Amino acid sequence: EPEVTQTPSHQVTQMGQEVILRCVPISNHLYFYWYRQILGQKVEFLVSFYNNEISEKSEIFDDQFSVERPDGSNFTLKIRSTKLEDSAMYFCASRGQGDSPLHFGNGTRLTVT
Amino acid sequence: AQSVTQPDIHITVSEGASLELRCNYSYGATPYLFWYVQSPGQGLQLLLKYFSGDTLVQGIKGFEAEFKRSQSSFNLRKPSVHWSDAAEYFCAVSRPNTGNQFYFGTGTSLTVIP
């Protein structure tokens, strides 16, 4: 069964550094998402992406964040200048057209020191 | 605004016992409803979903959930829990016919004791 893949599984970075989290959604999916989960807390929506543009974003998704679909397969989340509070598990998800559920990747654990 | 409430933060059951995890939602119309499971260090796996029709839906791993419109609930059940069911369970809702975000509850952590 096709799945969403995320790399790396764990990323450690210093405060102020830029990080790029990578995702390969399921190939025929059209909607792409990033969620994050701070340790012990709920899964929070960051951004949704459709037709090569952001369709919705949360207040968490400020100017430090950006998303890109650089080619036909990858979907990336960039954090320009990481803060300690950005430490979390970041999940990529994708879905097809119509009434279809989200399919999640296994996540990237980001640790900012 | 849409919201999802999972009143039980943590539940402990004995292996072989029945299980019910509660989920309530707040939404202006009937949303799409989902249950996801997260094993330690893993992503979110879809257990089951409700869009319309029969209010009792069957999922993977022997789970089922019942949509009750009058109670705005979508509780997850399993008649006999296995040790491998120990995980975090998340209820989620989304707005029909949109490509927009899903809203997740805070999760219920399930511990299974032998």
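The structure presented is a predicted model; accordingly, all values stated were derived computationally and were not measured.

Observations concerning the packing of aromatic side chains
No. 1: In the structure shown here, the tally under the stated rule is 22 aromatic pairs over all chains.
No. 2: Between the aromatic rings of A:Phe91 and A:Phe104, the centroid separation amounts to 6.3 Å while the plane-to-plane angle is 90 degrees, which identifies the pairing as edge-to-face. Highlighted residues: A:Phe91 in strand E9 (residues 88–95) and A:Phe104 in strand E10 (residues 103–104), separated in sequence by 13 residues.
No. 3: Pairwise contacts between aromatic rings join A:Tyr33, A:Tyr35, A:Phe45, A:Phe91, A:Phe104, B:Tyr32, B:Phe34, B:Tyr36, B:Phe51, B:Phe90, B:Phe102 and B:Phe104 into one cluster.
No. 4: Between A:Arg95 and the ring centre of A:Tyr31, over which it is positioned, the NZ or CZ distance is 5.0 Å.

Concerning the nonpolar core
No. 1: If you look at the biggest cluster of nonpolar residues, it comprises 27 residues, and the most contacted ones within it are B:Leu19, B:Trp35, B:Leu47, B:Leu48, B:Phe74, B:Leu76 and B:Tyr89.
No. 2: At the level of secondary structure, the elements contributing two or more residues to this core comprise strand E2 (10–14), strand E3 (19–21), strand E5 (32–38), strand E6 (44–50), strand E8 (64–68), strand E9 (73–78), strand E10 (87–94) and strand E12 (108–113) of chain B.
No. 3: Element by element, the count of residues in this core is highest for E10(B), at four residues.
No. 4: A:Val19, A:Phe49, A:Phe61 and A:Cys92 belong to the second-largest nonpolar core, a separate cluster that totals 22 residues.

Some points on the state of the cysteines
Should the sulfur atoms of two cysteines be covalently bonded, the bond is a disulfide.
Residue and element names in this part refer to chain A.
No. 1: Across all of its chains, the model carries two disulfides over all chains by this definition.
No. 2: Between the sulfur atoms of Cys-23 and its disulfide partner Cys-92 the distance amounts to 1.9 Å. On the S-S bond that ties Cys-23 to Cys-92, the torsion sits near -65 degrees, and the link is left-handed. Of this pair, Cys-23 sits in strand E3 (residues 19–24) while Cys-92 sits in strand E9, and the two are 69 residues apart along the sequence. Neither Cys-23 nor Cys-92 differs from the other in exposure class; each is buried.

Here's the deal with the interface of chain A and chain B
No. 1: Contacts between chain A and chain B engage 18 residues on the former and 23 residues on the latter.
No. 2: Interface area, chain A with chain B, both sides summed: about 1700 Å², of which 54% is carbon and sulfur.
No. 3: Between the two partners, chain A and chain B, sit zero salt bridges.
No. 4: The tally of links from chain A across to chain B stands at five residue pairs in polar contact (both at pLDDT 80 or more).
No. 5: Listing elements by their share of the side of chain A that touches chain B, those giving two or more residues are strand E4 (31–37), strand E5 (43–50) and E9 of chain A.
No. 6: When residues of the side of chain A that touches chain B are assigned to their parent elements, the largest contribution, four residues, is made by E4(A).
No. 7: Looking at the side of chain A that touches chain B, its residues break down into nine nonpolar, five polar and four charged.

A word on the pattern of salt bridges
All names here are of chain B.
No. 1: This structure, assessed with the given rule, holds five salt bridges over all chains.
No. 2: Between Arg-77 and Glu-66 there is a salt bridge; the shortest N-O distance is 3.2 Å. Taken together, the residues span a long stretch of sequence, with Arg-77 in strand E9 and Glu-66 in strand E8 at a distance of eleven residues.
No. 3: Residue Glu-66 is classed as partly exposed on the basis of its relative accessible area of 23%.
No. 4: Put simply, Asp-85 and Lys-78 hold a salt bridge, and the shortest N to O gap is 2.8 Å. Exposure class is identical for Asp-85 and Lys-78. Each is buried.

Regarding the environment of A:Gly72
All names here are of chain A.
No. 1: Here Gly-72 is to be found in the loop between strand E7 (65–68) and strand E8 (75–79).
No. 2: Gly-72 gets classed as exposed once you look at its relative accessible area, which sits at 66%.
No. 3: Put simply, Gly-72 and His-10 are 62 residues apart on the chain and 24 Å apart in space, counted from C-alpha to C-alpha.

Looking at the sheet that holds E8(A)
Residues and elements named next belong to chain A.
No. 1: Reading across from one edge, E1-E3-E8-E7 is the order of the four strands in this open sheet, with antiparallel pairing throughout. Of all the strands in the sheet, the pair left with one neighbour each is strand E1 (5–7) and E7. On average, each strand axis in the sheet is inclined to that of its neighbour by 20 degrees, with strand direction left out of account.
No. 2: Where E1 meets E3, three bridges bridge the pair, whose relative direction is antiparallel. Bridge assignment links Gln-6 to a residue of E3, and that residue is Cys-23.

Analysis parameters
- Residues numbered from 1 in each chain as written.
- Chains lettered and ligands numbered in written order.
- Predicted model: local features only at pLDDT ≥ 70, side-chain atom pairs only at ≥ 80, totals over all residues.
- Heavy atoms only, no water.
- Phe/Tyr/Trp six-rings, centres within 6.5 Å; stacked < 30°, edge-to-face > 60°.
- Helix = DSSP H or I, 4+ residues; strand = E, 2+ residues; numbered from the N terminus.
- Lys NZ or Arg CZ within 6 Å of the ring centre and 35° of its normal.
- Core = buried A, V, L, I, M, F, W, Y, C linked by side-chain atoms within 4.5 Å.
- Buried < 20%, exposed > 50% of the residue type's maximum accessible area, 1.4 Å probe, protein only.
- Disulfide = S-S within 2.5 Å.
- Contact = heavy atoms within 4.5 Å.
- Buried area = accessible area lost by both parts, 1.4 Å probe.
- Salt bridge = Lys/Arg side-chain N within 4 Å of Asp/Glu carboxyl O.
- Polar contact = N/O pair within 3.5 Å; in protein donor to acceptor, adjacent residues only side chain to side chain.
- Nonpolar A, V, L, I, M, F, W, Y, C, P; charged D, E, K, R; others polar.
- Pairing = 2+ DSSP bridges.
- Axes fitted to C-alpha atoms, helices over the stretch in contact; angles between N-to-C directions.

Shape is all these values report; function is a separate question.
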